[in-house]
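The residues making up each chain are set out below.
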Amino acid sequence: MKNLLNKKTISKSGYVFEIGNIYNHEIILTISSIGKVATGLLMGTMLSSFEGIEKIINIGVAGGVMGKLEPGDVVLGEKYCYSDADARGFNYEYGQIPGCPKFFYGDKTMICKSVTDAHVGTILTADIFQTDKKALCLLWYLAHCLHTYYCRTHLDAYRQQI
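Nothing here was measured: the structure is a model prediction, and the numbers come from that model.

Asks: In this structure, what is going on with the overall build of the protein chain? I would like to understand it.
Replies: Scanning the protein chain from terminus to terminus reveals 4 helices and 6 strands. Residue burial in the protein chain is summarised as follows: out of 162 residues, 25% are buried. In the protein chain, the share of contacts with a sequence separation of at least 24, taken over all contacts with a separation of at least 6, comes to 61%. Accessible surface, the protein chain: about 11,500 Å² in total, of which carbon and sulfur atoms supply 55%.

Put into structure tokens, the structure is as follows:
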């Protein structure tokens, strides 16, 4: 990142971290491979290698199944859940990992400080890359069943709610 001041590069466990300052904040930048496992391994390495991490911002590319977003739209996660986890045989809800809550919640303060033309909603995460219409219909149905569809609520309206 060219705006990063006092930049230094550190390699740990096969990952490259760019450390520096931007807008009077010390930040660490890195890139994960694709998928939740790769991201989990990267986050474990990062959190065990650097002290004092206060916030993690994940930026990624996603597809939508509700047909309410356009390419390039920004969605800020009010809450997050899995769409490919099924532990119902152990008395958990579909999308819930054993020992974890069904939903993980985004930081309301960070959401309110974000760009104003973003959408706020629930983000489903999965390591499924679908183009098959039947599978997309299933994800659409799942989004409705979990009440996890993308809201068309713009950030200004979200800020008024909290």
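Asks: What exactly am I supposed to notice about the sheet that holds strand β2 (residues 15-22) here?
Replies: Whenever strands of a sheet pair, they do so through backbone hydrogen bonds, lying parallel or antiparallel. With antiparallel pairing, the 3 strands of this open sheet are ordered in space as β1-β2-β3. At either margin of the open sheet sits one strand with a lone partner, and together these are β1 (5-12) and β3 (25-29). Neighbouring strand axes in the sheet, compared pairwise and without regard to direction, differ in orientation by 20° on average. Direction of pairing for β2 relative to β3: antiparallel, over a ladder of 5 bridges. If you follow N21 over to β3, its bridge partner there is E26. Each of β1, β2 and β3 is contacted by helix α1 (residues 36-49), which is oriented at about 60° to β2, the strand it contacts most.

Asks: How do you make sense of the sheet that holds strand β6 (residues 119-125) when you look at a structure like this?
Replies: The strand order across the open sheet formed by 3 strands is β5-β4-β6, and the pairing between neighbours is mixed. Bordering the open sheet on either side are β5 (104-105) and β6, each of which pairs with just one other strand. Pairing of strand β4 (residues 75-82) with β5 involves 2 bridges; the strand directions are antiparallel. Bridged to Y80 within β5 is F104.

Asks: I would appreciate a short explanation of the pattern of salt bridges in the present structure.
Replies: Pairing of side chains with opposite charge becomes possible as their charged atoms draw close. Inspection of every chain in the model, using the stated rule, returns 5 salt bridges. Where K36 meets D84, a salt bridge forms, and the shortest distance between an N and an O atom there is 2.8 Å. Taken together, the residues K36 in helix α1 and D84 in the loop between β4 and β5 connect sequence positions 48 residues apart. Judged by relative accessible area, which is 25%, K36 ranks as partly exposed. The exposure class assigned to D84 is partly exposed, which follows from its relative accessible area of 29%. Note that D86 is salt-bridged to R88, the shortest N-O span being 2.8 Å. The exposure class assigned to D86 is partly exposed, which follows from its relative accessible area of 46%.

Asks: Any chance you could explain the pairing of β2 here in plain terms?
Replies: Along a regular strand, successive side chains alternate from one face of the sheet to the other. Where β1 and β2 come together, 6 bridges link them in antiparallel fashion. Directly across from S11, in β2, lies its bridge partner V16. Counting the residues in the hairpin turn of β1 and β2 gives 2 residues, including S13, whose phi is positive at 50°. The antiparallel hairpin formed by β2 and β3 contains 2 residues in its connecting segment, where Y23 sits at a positive phi of about 50°.

Asks: Sorry, what's going on with the nonpolar core here?
Replies: Where a protein is soluble and globular, its nonpolar side chains tend to be buried together. Within the largest apolar cluster, 7 residues are counted, these being Y15, F17, I19, L42, M43, M46 and F50. Breaking this core down by element, the ones donating at least two residues are β2 and α1.

Each value, and the rule that gives it
- Residues numbered from 1 in each chain as written.
- Predicted model: local features only at pLDDT ≥ 70, side-chain atom pairs only at ≥ 80, totals over all residues.
- Heavy atoms only, no water.
- Helix = DSSP H or I, 4+ residues; strand = E, 2+ residues; numbered from the N terminus.
- Buried < 20%, exposed > 50% of the residue type's maximum accessible area, 1.4 Å probe, protein only.
- Contact = heavy atoms within 4.5 Å.
- Areas by Shrake-Rupley, 256 points an atom, 1.4 Å probe, with all protein chains shown as cover.
- Pairing = 2+ DSSP bridges.
- Axes fitted to C-alpha atoms, helices over the stretch in contact; angles between N-to-C directions.
- Salt bridge = Lys/Arg side-chain N within 4 Å of Asp/Glu carboxyl O.
- Core = buried A, V, L, I, M, F, W, Y, C linked by side-chain atoms within 4.5 Å.

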